[in-house]
Amino acid sequence: MLRVPKFLLKGLHRLQKGPGYTYKELLVWYCNNTNTHGPKRIICEGPKKKAMWFVITLLFAGLVCWQWAVFIQTYLSWEVSVSLSMGFRTMDFPAVTICNSSPFQYSKVKHLLKDLDELMEALLDRILAPEISHTNTTRTLNLTIWNHTPLVLIDERDPHHPVVLDLFQSSHNDSSPAPGSACTAQECKVAMRLCSFNGTLCTFRNFTSATQAVTEWYILQATNIFSQVRRQQLVELGYPGERMILACLFGTEPCSYRNFTSIFYPDYGNCYIFNWGMMEKALPSTNPGAEFGLKLILDIGQEDYVPFLASTAGARLMLHEQKTYPFIREEGIYAMAGTETSIGVMVDRLQRKGEPYSPCTMNGSDVAIQNLYNNFTTTYSIQACLHSCFQDHMIRNCSCGHYLYPLPPGKKYCNNQDFPDWAHCYLKLQVSVAQRETCISMCKESCNDTQYKMTLSMADWPSEASEDWIFHVLSQERDQSTNITLSRKGIVKLNIYFQEFNYRTIEESPANNIVWLLSNLGGQFGFWMGGSVLCLIEFGEIIIDFVWITIIKMVAFCKSLRRRRAQAPYTGPPPTVAELVEAHTNFGFQPDTANHSAHTEAYSDQQTLPIPGTPPPNYDSLRLQPLDTIESDSEGEAI
């Protein structure tokens, strides 16, 4: 600990001794000794060549700095290059999710949709036969749903003054003509009227076809109904696995609906996932080819479809990774009824580099959106983030959540009774570009992803020659009936298999790494100025010396300024030691003039008493010097 102050004191002494060279001497020394081409010619040539070489050296140094700035900016742009590699190995079979196109069995939900279906039938009658009066049927309808979100006809025969006609307006005025009776389909468009704030603010959502209009309107009203039903009851209203999955075979091993995991997907009701890998290990595929894949026979029960809710007949399926949630509405495909659909699978593995090269995430922990699909204990996906983001905007703007997405704790699904303005808010949010851009900017792709490329082929199944016995066998196995209880309209056969075990890996790598940066910086420096890393070290050395000289000069200037301030009270030369001592005489040696005794009076006429003690000698050569200067001199002599 005692060595530290001593070392600092020595450094201060070196500063006090002053620099050994000036700025000019430093520059001359650098030009004489540097390995960089150009500076040496500046001091060795004549005046004209000095000027020429100074300009050339300055120009090339500027070019080097410009090129360096370009390369550093390119490096900091974090560009990536994509490489494609092929591999061959045994792979895990993908998870397979299958759903029915109709989310519910009509026989089980008919009581919930009774008023809505009656209203829909009357609505279709108004659209198909507008000239016929429907007063009697209209009076028996429950118009509560209709009055909340009605469909209207917009008469556009006069483009400057369009007329909005309610499809059920004749129920209020029997003498008035039916809406749309005087205009054609091209002149009158069907639209949905959406109101908020108790009907004071209304907008119209236009459609090019009445089919689209009534379908969207029915789905909106059905959403209002199903959002008020408990989730467990909705599961019971869907298609059970034992009725839907008739036969299953994976490779050479038989399977059944018990090997599937059931989830409820609001768009398609009960969905079933094979090889999800949640509770068990993922199943590997032993060999490529159709005989080593998954074979399924499904009964979609088309005769029990909800007529106005499911206009597409078939099975919806999706291939995805284990432990990922299947967003089958966005990424699924249809398999048509009455056919055998063969699906050959190829695997693409995507490996993104991550920050700062690619805005991706490993597990979603660095994404600001709360993942509402964490309850399923699935891994992160961008679809889960986008859906969670939309639900978050829905809750903040509409005060309720949409039926199609999971709810955060403590929130409720939208319905007409509790949230009368929800439909207007939802459809406005659905078409909002700002909302989509916000969610896209906040959500990130997964850094590691697996995509399954599918090749589809279809053929009629069963054939006319084998149809009878196949349906007899399947009917007996499921219903224990000797009669045929199945039909071609409800049967779907699937073959899912790996085409080959070759897989592609698409991997990102930095387009410009640190080696690329250093080689380019060195190449430009060597090309324009003939320099190397040692030249940069020399340049760094002169910069350090320049800074050191500047510090020394500043310290010397401060010390000289302080000395001038300290010498300001003296107009002549500095005082000697004797003068300083006389100025600070010890008053303890002065006579006591306060108390005069008898002895003192005896000598009153004589000379004054002498001051006891001997004053120090008056040597003008003894000057006061700072202690540190004396130590410095002694230190120099020792060296």
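Residues numbered from 1 in each chain as written. Predicted model: local features only at pLDDT ≥ 70, side-chain atom pairs only at ≥ 80, totals over all residues. Heavy atoms only, no water.

Another point: the sheet that holds strand S6 (residues 201-206). Spatially, four strands are ordered S4-S3-S5-S6 in an open sheet, and the strand pairing comes out antiparallel. Of all strands in the sheet, those with a lone pairing partner are strand S4 (163-166) and S6, marking the two edges. Going from strand to strand, the sheet's axes swing by 40° on average, the running direction of each strand aside. Taken together, the five bridges between strand S3 (residues 151-155) and strand S5 (residues 188-196) define a ladder with antiparallel strand orientation. (Pairing = 2+ DSSP bridges. Helix = DSSP H or I, 4+ residues; strand = E, 2+ residues; numbered from the N terminus. Axes fitted to C-alpha atoms, helices over the stretch in contact; angles between N-to-C directions.)

Next up on the list: the confidence of the model for the chain. In this model, the chain carries a mean pLDDT of 82, and residues with pLDDT of at least 70 account for 81%. In the predicted structure, residues 170-178 sits below a pLDDT of 50 and forms eight contacts with residues beyond four places in sequence or in another chain. (pLDDT = per-residue confidence, 0-100. Contact = heavy atoms within 4.5 Å.)

To continue, consider the nonpolar core. Counting residues in hydrophobic clusters, the biggest one holds 66 residues, and the most contacted among them are Phe104, Leu123, Leu151, Trp217, Tyr218 and Trp422. Tallying contributions element by element places helix H9 (residues 210-226) first for this core, with eight residues. Apart from residues lying up to four places away in sequence, Phe104 is in contact with Val109, Phe226, Leu234, Leu237, Gly238, Tyr239, Phe264, Asp304, Val306, Leu309 and Tyr403. Listed in part, the 35 residues of the second largest apolar core include Phe250, Leu294, Tyr305 and Val347. (Core = buried A, V, L, I, M, F, W, Y, C linked by side-chain atoms within 4.5 Å. Buried < 20%, exposed > 50% of the residue type's maximum accessible area, 1.4 Å probe, protein only.)

On to the state of the cysteines, then. If you walk through the whole model with that rule in mind, you get eight disulfides. For Cys248, the disulfide goes to Cys255, at an S-S distance of 1.7 Å. What sets the handedness of the Cys248 and Cys255 disulfide is the S-S torsion sign, and at about -80° it is left-handed. On the basis of relative accessibility, which here comes to 8%, the residue Cys248 falls in the buried class. What pairs with Cys400 in a disulfide is Cys414, and their sulfur atoms sit 1.9 Å apart. For the disulfide bridge between Cys400 and Cys414, the dihedral angle about the S-S bond is near 95°, and by the sign convention the bridge is right-handed. Remark: Cys414 occurs in the loop between helix H13 (382-398) and helix H14 (422-430) and Cys400 occurs in the loop between H13 and H14; sequence separation between them is 14 residues. (Disulfide = S-S within 2.5 Å.)

What follows concerns the UniProt feature "transmembrane region" (unreviewed entry) in the chain. With numbering aligned to this structure, UniProt lists the feature "transmembrane region" (unreviewed entry) at residues 51-76. For residues 51-76, the end-to-end C-alpha separation is 37 Å, with 100% helix and 0% strand making up the annotated structure. (UniProt positions renumbered as here; feature names shortened; annotations may be inferred.)

This part covers helix H17 (residues 514-529). Here H17 spans 22 Å end to end across 16 residues, near enough to the 22 Å set by a 1.5 Å rise per residue. Listed as buried for H17 are Leu517, Asn520, Leu521, Gln524, Phe525 and Met529. In a view along the axis of H17, the buried residues occupy a sector of 130°, so they form one face of it. Exposed residues lying more than 90 degrees from the buried face of H17 are Val515 and Phe527. Just beyond H17, the residue with positive phi is Gly530, at close to 65°. (Expected span 1.5 Å × (residues − 1). Arc of directions from axis to C-beta.)

So, about the pattern of salt bridges. Pairs may arise between side chains of opposite charge once their charged atoms sit close together. The full count for this structure, using the stated rule, is 14 salt bridges. Of the charged contacts in the structure, one is a salt bridge between Arg243 and Asp479, with a shortest N-O distance of 2.9 Å. Linking Arg243 in helix H11 (residues 241-244) with Asp479 in helix H16 (residues 467-479), this pair joins segments that are 236 residues apart in sequence. A relative accessible area of 40% means that Arg243 is categorised as partly exposed. With relative accessibility at 22%, the residue Asp479 sits in the partly exposed group. Lys493 is the partner of Glu340 in a salt bridge, and the nearest nitrogen-oxygen pair spans 4.0 Å. Residue Glu340 is located in strand S14 (residues 339-351), and its partner Lys493 is located in strand S18 (residues 491-510); the two are separated by 153 residues in the primary sequence. Via salt bridges that share partners, Arg243, Asp299, Arg478 and Asp479 belong to a single interconnected network. (Salt bridge = Lys/Arg side-chain N within 4 Å of Asp/Glu carboxyl O.)

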